[in-house]
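Inside the fold
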Amino acid sequence: MPTFPLTGGCLCGAVRFEVDEQLLTANYCHCTRCQRRTGTAASAQAVIEPGSLRIVKGADVVRSFRPPDGWAKLFCPECGSALFSQSRDDPAKMTVRMSAFDTDPGIRPQARYHVATAAAWEPIPDDGLPRHAGGRT
Ligand SMILES: [Zn+2]
Ligand SMILES: [Zn+2]
C-alpha cells in the first residue's frame, strides 16, 4: 500500500499535486489523441476519487486542451508534461496520468481502451488485460 497523499508533478516542477485517497482504477488508452499528446503508443491513467486531487503548486500554470467531444487534457505549458484529464460534464471526475506520480501509486492498469485505433508501429502487449475497441463508459 502506498502512503497518502500520493505526490506528483510535471517534468519542470512548475506544477505539483497531491491525491489523498486511494485511486479507483487505471487503464491504458490507445486513442489517436493520446498518441499525439504523449508521443507514445498508449497513455496510462488512474481514475481518482472525485475531490481527492489537490494542485499544491502551479494551479494557475496548468493549461488544458478541450476537445468538443471528449475529456479535457490538462498539461504543463512550460514543459509539456501531460498531467490530468477532466470530464466536461462533471469537473470533479478526473484522471491522473500515471507517469506524473513520484512513486508507485499502488494501482496497475486494468484494461485497454480504444484498441481499434492502436498504433500500427507497436504491438499491444500480450498482458491478458481486457481490450475494448472504444472508450470507457
Ligand atoms: Zn512543467
Ligand atoms: Zn485516449
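The structure we're discussing is the one just above.
Residues numbered from 1 in each chain as written. Chains lettered and ligands numbered in written order. Predicted model: local features only at pLDDT ≥ 70, side-chain atom pairs only at ≥ 80, totals over all residues. Heavy atoms only, no water.

Structural notes on the coordination of the zinc ion (ligand 1)
Binding of the zinc ion (ligand 1) to the protein goes through Cys10 (SG), Cys12 (SG), Cys76 (SG) and Cys79 (SG), at separations of 2.3 to 2.4 Å. Considering all 4 donor atoms around the zinc ion (ligand 1), the spread of angles at the metal, 107 to 112 degrees, places the coordination shape in the tetrahedral class. The exposure class assigned to cysteine 10 is buried, which follows from its relative accessible area of 9%. A relative accessible area of 43% places cysteine 12 in the partly exposed class. (Donors = N, O, S within 2.8 Å, 3.2 Å for Na, K, Ca; no water. Tetrahedral: all angles 85-135°; square planar, octahedral: opposite > 155°, others 65-115°. Buried < 20%, exposed > 50% of the residue type's maximum accessible area, 1.4 Å probe, protein only.)

A closer look at the sheet that holds strand 2 (residues 16-19)
Note: strands within a sheet are paired through backbone hydrogen bonds, in either parallel or antiparallel orientation. Pairing is antiparallel in the open sheet, where 3 strands are placed in the order 1-2-5. Each edge of the sheet is formed by a strand with only one pairing partner; in this case those strands are strand 1 (6-9) and strand 5 (53-57). Taking each pair of neighbouring strands and ignoring which way they run, the sheet shows an average axis angle of 25 degrees. Of the pairings in the sheet, the one linking strand 1 to strand 2 comprises 4 bridges and is antiparallel in character. If you follow glycine 9 over to strand 2, its bridge partner there is arginine 16. (Pairing = 2+ DSSP bridges. Helix = DSSP H or I, 4+ residues; strand = E, 2+ residues; numbered from the N terminus. Axes fitted to C-alpha atoms, helices over the stretch in contact; angles between N-to-C directions.)

With respect to the sheet that holds strand 9 (residues 94-97)
Judged by pairing direction, the sheet is mixed, and its 7 strands sit side by side in the order 6-7-8-9-4-3-10 without closing on themselves. The open sheet is flanked by strand 6 (63-65) and strand 10 (112-113), the only strands paired with a single partner. By the bridge criterion, 3 bridges tie strand 4 (residues 43-47) to strand 9 in an arrangement that is antiparallel. The partner of glutamine 45 across the bridge, within strand 9, is arginine 97.

With respect to the side chain of histidine 30
In this structure, histidine 30 sits in the loop between strand 3 (25-29) and helix 1 (32-38). Residue class for histidine 30 comes out buried when judged on its relative accessible area of 4%. Those residues in contact with histidine 30, other than ones at most four positions away along the chain, are Gln35, Ala41, Ala42, Arg112, Tyr113, His114, Val115, Thr117, Ala118 and Ile124. (Contact = heavy atoms within 4.5 Å.)

So, the coordination of the zinc ion (ligand 2)
For the zinc ion (ligand 2), every protein donor is listed as Cys29 (SG), Cys31 (SG) and Cys34 (SG), and the spread of their distances is 2.1 to 2.3 Å. Along the chain, the residues that donate to the zinc ion (ligand 2) are spaced as C-x1-C-x2-C. Comparing cysteine 29 with cysteine 31, the two get one shared label, buried.

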